[in-house]
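# Results of the structural survey
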There are 2 protein chains.
Amino acid sequence: MIESTTGPRPADFTDVRATNLAVVLRFVRENAPCSRADIAASTGLNKATVSSLVADLIDRRLVRETGLTENRVGRPATMLVLDGSPYAAVGIEANVDYLTAVAVDLAGRRLLSWRRSFPGAAASANQAVAAIASLARRVANRMAKEERQVLGLAVAVPGLVDVDGRVRIAPNLGWRDVDLAKDLTKALRDPGYRVQVDNDANLGALAEHRFGPFGGTANLVYLTGEVGVGAGVIMDGRLRRGGQGYSGELGHVQIDPAGPACRCGRVGCLEAVAGVGAIIGATASDPPIAPAEVEPEIEEVVRRARAGDRETLAMLERVGTALGAGVAILANVLNPQAVILGGYYVPLAPWLLPAAEAEVRARTLAPDAGGCRLAVSTLGHDAAALGGAAGVMDSIDSGRLPQRPS
Amino acid sequence: MIESTTGPRPADFTDVRATNLAVVLRFVRENAPCSRADIAASTGLNKATVSSLVADLIDRRLVRETGLTENRVGRPATMLVLDGSPYAAVGIEANVDYLTAVAVDLAGRRLLSWRRSFPGAAASANQAVAAIASLARRVANRMAKEERQVLGLAVAVPGLVDVDGRVRIAPNLGWRDVDLAKDLTKALRDPGYRVQVDNDANLGALAEHRFGPFGGTANLVYLTGEVGVGAGVIMDGRLRRGGQGYSGELGHVQIDPAGPACRCGRVGCLEAVAGVGAIIGATASDPPIAPAEVEPEIEEVVRRARAGDRETLAMLERVGTALGAGVAILANVLNPQAVILGGYYVPLAPWLLPAAEAEVRARTLAPDAGGCRLAVSTLGHDAAALGGAAGVMDSIDSGRLPQRPS
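Residues numbered from 1 in each chain as written. Chains lettered and ligands numbered in written order. Predicted model: local features only at pLDDT ≥ 70, side-chain atom pairs only at ≥ 80, totals over all residues. Heavy atoms only, no water.

Named according to an unreviewed UniProt entry, chain A is Sugar kinase of the NBD/HSP70 family, may contain an N-terminal HTH domain originating from Thermostaphylospora chromogena. The heading Sequence similarities (unreviewed entry) in the UniProt record of chain A holds the text "Belongs to the ROK (NagC/XylR) family." (UniProt positions renumbered as here; feature names shortened; annotations may be inferred.)

Our next topic: unusual backbone geometry. Residue and element names in this part refer to chain A. In this chain, Ala32 is followed by Pro33 through a cis amide linkage whose omega measures -5°. Along the chain, Pro33 turns up in the loop between helix 1 (13-31) and helix 2 (36-43). With phi around 60°, Glu147 is a residue other than glycine that occupies positive phi space. Within the element layout of this structure, Glu147 appears in the loop between helix 4 (125-145) and strand 6 (149-157). (Helix = DSSP H or I, 4+ residues; strand = E, 2+ residues; numbered from the N terminus.)

This part takes up the interface of chain B and chain A. Size of an interface, as often reported, equals the accessible area lost when the parts are brought together. On the chain A side, the residues contacting the 71 residues of chain B number 71 residues. Interface area for chain B against chain A, summed over the two sides, is near 5,800 Å², with a carbon-plus-sulfur share of 59%. Inspection of the region where chain B meets chain A yields two salt bridges. Our count for the chain B to chain A interface comes out at 24 residue pairs in polar contact (both at pLDDT 80 or more). Among the secondary structure elements, those contributing two or more residues to the side of chain B that touches chain A are helix 1 (13-31), strand 8 (167-170), strand 12 (231-235), strand 13 (238-239), helix 10 (310-334) and helix 11 (345-363) of chain B. The leading source of residues in the side of chain B that touches chain A is helix 1 of chain B, at seven residues. Per-class residue counts for the side of chain B that touches chain A are 31 nonpolar, 27 polar and 13 charged. (Contact = heavy atoms within 4.5 Å. Buried area = accessible area lost by both parts, 1.4 Å probe. Salt bridge = Lys/Arg side-chain N within 4 Å of Asp/Glu carboxyl O. Polar contact = N/O pair within 3.5 Å; in protein donor to acceptor, adjacent residues only side chain to side chain. Nonpolar A, V, L, I, M, F, W, Y, C, P; charged D, E, K, R; others polar.)

Residue and element names in this part refer to chain A. Residues of chain A with pLDDT of at least 70 account for 95%, and the chain-wide mean is 91. Considering only residues more than four positions removed or in separate chains, one finds that residues 1-7, a stretch of pLDDT under 50, has 22 contacts. What the predictor reports for the complex is a pTM of 0.91 with an ipTM of 0.91. (pLDDT = per-residue confidence, 0-100.)

In this section: the domain arrangement of chain A. All names here are of chain A. In terms of domains, chain A is made up of domain 1 (13-82), domain 2 (87-205 + 385-397) and domain 3 (215-378). Measuring from the centre of the C-alpha atoms in domain 1 to the corresponding centre in domain 2 gives 32 Å. Contacts between domain 1 and domain 2 engage seven residues on the former and six residues on the latter. Linking domain 1 with domain 2 are one salt bridge. Of the charged contacts, one joins Asp397 and Arg29 as a salt bridge, the two residues approaching to 3.0 Å between their closest N and O atoms. For the pair domain 1 and domain 2, the interface holds three residue pairs in polar contact (both at pLDDT 80 or more). For the side of domain 1 that touches domain 2, the per-class residue count stands at four nonpolar, no polar and three charged. (Domains from an automatic or database assignment.)

A few words on the sheet that holds strand 7 (residues 160-161) of chain B. Residues and elements named next belong to chain B. In spatial order, the strands read 7-8-9; together these three strands make up an open sheet with antiparallel pairing. Two strands in the sheet have a free side with no partner beyond their single neighbour: strand 7 and strand 9 (175-178). As paired elements, strand 7 and strand 8 share two bridges and run antiparallel to each other. Across the sheet, residue Leu160 finds its bridge partner in strand 8, namely Ile169. (Pairing = 2+ DSSP bridges.)

All names here are of chain A. Spatially, the three strands line up as an open sheet ordered 7-8-9, and their pairing is antiparallel. Two strands close off the open sheet at either side, each with one partner strand: strand 7 (160-161) and strand 9 (175-178). Here strand 8 (residues 167-170) runs beside strand 9; their pairing, made up of three bridges, is antiparallel. Opposite Ala170, over in strand 9, you have Trp175 as the bridge partner.

A separate point is the packing of helix 9 (residues 291-306) of chain B against helix 11 of chain B. All names here are of chain B. Relative to each other, helix 9 and helix 11 sit at 30°, their axes nearing to 10 Å. Of the two elements, helix 9 crosses helix 11, and the hand of that crossing is left-handed. Every residue of helix 11 that contacts helix 9 at Ile298, Val301, Val302, Ala305 and Arg306 is listed here: Pro347, Leu348 and Trp351. Partitioned by chemical class, the residues of the contact of helix 9 with helix 11 number seven nonpolar, no polar and one charged. (Axes fitted to C-alpha atoms, helices over the stretch in contact; angles between N-to-C directions. Left-handed = near helix turned anticlockwise from the far one by under 90°.)

All right, on to the relation of the copies chain B and chain A then. The transform that puts chain B on chain A rotates by 180° and translates by 0.0 Å along the axis, for an RMSD of 0.1 Å. Classification of the inter-copy transformation places it as that of a two-fold axis. (Least-squares fit on C-alpha atoms with pLDDT ≥ 70 in both.)

Next up, the structure:
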């Protein structure tokens, strides 16, 4: 036996209460404003239990009463909404030439959204750790000024991140075997909150799952359209990372054995035929793409496409078709309800999507692509950092509740 | 919001007991013979609770005392083992020219293993339902003679089976939109046990997960090497079926745009370059492969490979390489700990595996193929039917326990 499965765990009464706190919090999150009676009716918990749990959550300042009442027969009911105002969940994305930080309160409202440039490709891993820690401290200080306590920090990295938060390889940053979670915790000198690290596509998927229009969809995939192409996989409502944490590496699956060389050394990879490089005409033999140059080049492609430039439109159709071949692999293997395209695929979607959708439909065995819808992210370039914050919120929702403030 | 996720469910005290019964049953399954003290120490439940739960399970004849005691300081302890002898879990595979039935007791011991030929491709869906029901009745009668009660039946079908057990398409059987679970339940006239239907690769994965050498591995894939090639996907310890139940359809992912035509109408599919047809030299324009012919043809290929026939060895290397390209897609997207090859890949493994492994290693982004091991099934042609029985056992393990016999 290689590794034991996660099976049923013993449930003692502490667990039961923790689970029920999480259930009530989640119900309020999804149905606010709602009454205690609404919670009881929907969850099946009895009213005395619900009152006790709600009191606990109010005490921890996760839920509050609004004072509103609904029209109903009998006694008016006090409505409940999420509070979470004294807390913040923080996500930071470390990318090739910038760091992004997003903080949200526990109702998911955005509290801040910062970007600072950062020479990721040139800096060493140690310098990066220092820069990320410095940014995290600034965010925590701003939150403290607003009388909010940071409950957790999750950092998004473009690369192979294992289940313990160690960065195995981040090629665009030049990192190898960087124990980022540990190094950051040390640099932050025991910050009083948990530090997690994950792959940027994984966190993008979490962001879409919590905040996007497909929020709550049990089976979805988020596909990054940055310098790298990677996927975050959600099945049965949770991120599925695989044995070592490296799931979703679609970017170097071969789409065309006769295709162009890829920077990874292989030939005809999805990234080479449908990644940002293919769109802006950068081949494997050109110097590495400086991300600061990508944005203006993509804008130029959009401009030309809008102007009806034939070459550009033909290129986008080819890229869309190749992208569709990649998405079809996801549709066949994972049977997701939605595949959401992020990054630079977003501004180019009007020209990429028709060709891609046709290809997905043609290549997926199940009728109607197994019900898979190809969609465009609405979360912007914040997606991975927002996903970090979503990851922190997920921890809280599954029971890691903050203690009562003393 | 398309569909709500599965989130935490309210836990009342009935649930707690049901969960704990399942936890204790599972512990005994994995650690028998063991004492009540062992259960308490490992699960964290207190001794009085454990005694009460064990008494319940003994009452339901799921666990029994062996009378053995270990050497230990202090009072000798009575050891416990699984019982489950008055029960049976049944799996049936409906394939193109045979039906296979397997019955196991709740300790997983095989009670019977039958195969009867059946003209699946020629028969209508109704005739197939009648034949499957007839076989199920015969199995139940045999179990009744042994004083065992059938707790559940799961049927494996080669095709797209949705989450409700409806067969959307089974091309080799010529079925379309067959509500097999419902039709079988009706044909069996309210049999007193639950009838489930699932895809054959899914059930093969369950069989490997419960009974195979990689049993318990949290992330594994089973790949069928029958007339069709399909995958059953286990991530985080459970089968992941996707939005409509159609996950794992690897057989018609394109490996080579310049490859041979596939019977599905596409070109260069995995099935066309590395399926049984490719091995025995049957192309898309030949008549459909009669499975009764496959076995002798495969035996001939094995004979020639053993004799060192150059053409055969070259063919197997090509097929192995193409198979590796398909497995690499699984390794990249799912990051499994093991991919287990079944069906006709088993006798050909000595010649297929070296080329396949090399290709997986070369094509997977993560180092060392992300830790993915390519292995050969040891479960034989029974795998899907055995997996059906495993599926029934899974239902029991997650709490659908039989009542106390009256």
